[in-house]
Amino acid sequence: MATLPVTKLTKPDYGVDAPAVMRNFFLIGAAFLLAAIFCPPVLHIGPVGLNARSFYWPAAFLIGEGFLFLLYVKVGKFRHRDFMLSLHTWRGDENVLDVGCGRGLLLAGAAKRIAALSGTGHATGIDVWSNVDMGGNSAAATQHNLELEGISNLCTLRSEPAQTMCFPDGTFDVIVSNLCIHNIYDAPTRRQALHHIVRVLKPGGLALISDYKLTGEYAKEFTSAGLVVEKRRGSILTTFPPLTVVVARKSM
């Protein structure tokens with residue numbers, strides 16, 4: 001019997017951010033919902049009586065959070081990518097670094113901006129490709145996305161952590177990162193990553209670092225290093241959790 005050919009993806013797949021978090025929103029929310037529907041009206045836990053119908057509130061909250069997360073995965077992160085990249089006026093000759101590139105969404109977006117200008121620039125992505133932070137994460141999956149986008153010739157992938165990146169000083173015109181730096185849980189190590197971003201950024205270069213927490217810390221470190229810093233808010237409707245972009249420019 002003839003073997004059917006294996007179907008390969010023909011459309012880029014940028015994965016699910018923090019898949020366990022989204023799963024838990026739905027699972028725990030569903031558990032509260034089922035308890036509200038099927039438990040006796042009053043649950044007795046020792047001397048304490050709980051109104052089981054009150055479980056509708058955490059159920060609605062958690063399931064709603066799950067759907068907001070899903071909206072970000074399907075729509076919001078693409079809009080946030082475009083918002084971030086719009087904060088730089090592209091020439092086409094930029095050397096770009098994506099810190100924690102994951103499945104390559106920002107990396108491909110930057111490369112497509114360069115390609116649209118028929119530029120000579122290049123985009124480099126670094127990551128450790130953790131499957132905790134991004135579903136189906138791997139260098140091979142990222143490379144496949146770049147090939148499907150038609151810009152793999154403008155991109156390079158390197159497996160290395162942000163806190164020990166080994167590029168020469170002043171290599172990049174633009175450095176981007178989304179939902180990466182907070183995953184470095186040790187504060188001194190996290191500061192090392194921020195210092196490396198400053199180090200490898202060219203004079204006059206721009207860093208766009210997006211996250212849902214610790215952005216005040218990022219801004220403080222960049223300011224202490226002499227960069228001019230401002231913050232820009234992402235959409236509160238399509239980013240979940242709400243994201244802030246630290247915009248930091250290195251003086252000439």
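Cut-off values and rules
Residues numbered from 1 in each chain as written. Predicted model: local features only at pLDDT ≥ 70, side-chain atom pairs only at ≥ 80, totals over all residues. Heavy atoms only, no water. Helix = DSSP H or I, 4+ residues; strand = E, 2+ residues; numbered from the N terminus. Buried < 20%, exposed > 50% of the residue type's maximum accessible area, 1.4 Å probe, protein only. Contact = heavy atoms within 4.5 Å. Areas by Shrake-Rupley, 256 points an atom, 1.4 Å probe, with all protein chains shown as cover. Lys, Arg positive; Asp, Glu negative; His and termini not counted. Charge placed at Lys NZ, Arg CZ, Asp CG, Glu CD. Expected span 1.5 Å × (residues − 1). Bend = angle between axes of the 7 residues up to and from the residue. Phe/Tyr/Trp six-rings, centres within 6.5 Å; stacked < 30°, edge-to-face > 60°.

Draft legend 1. Broad picture of the overall build of the protein. Each helix and strand counted, the protein has six helices and nine strands in total. Within the protein, the fraction of its 252 residues that count as buried is 44%. Sequence-distant contacts in the protein: of pairs separated by 6 or more residues, those separated by 24 or more amount to 77%. Total accessible area on the protein is roughly 12,800 Å²; 62% of this is exposed by carbon and sulfur atoms. Taken as two groups, the 24 positive and 19 negative side-chain charges of the protein have centres that lie 4 Å from each other.

Draft legend 2. Representation of helix α2 (residues 56-85). Here α2 contains 30 residues, and its C-alpha end-to-end distance of 41 Å stays within 8% of the 44 Å for a straight helix at 1.5 Å per residue. Helix geometry: α2 is bent most strongly at Gly76, by close to 55 degrees.

Draft legend 3. How the structure looks around the packing of aromatic side chains. For the structure shown, the criterion picks out seven aromatic pairs. Here Tyr14 and Phe78 contribute two aromatic rings whose centre-to-centre distance is 6.1 Å and whose plane-to-plane angle is 70 degrees, an arrangement assigned as edge-to-face. On the criterion of sequence distance, the pair formed by Tyr14 in the segment before α1 (19-38) and Phe78 in helix α2 is long-range, its members being 64 residues apart. For Tyr14, a relative accessible area of 6% gives the class buried. Ring pairing ties together the aromatic residues Phe25, Phe69 and Phe240, which thus form one cluster.

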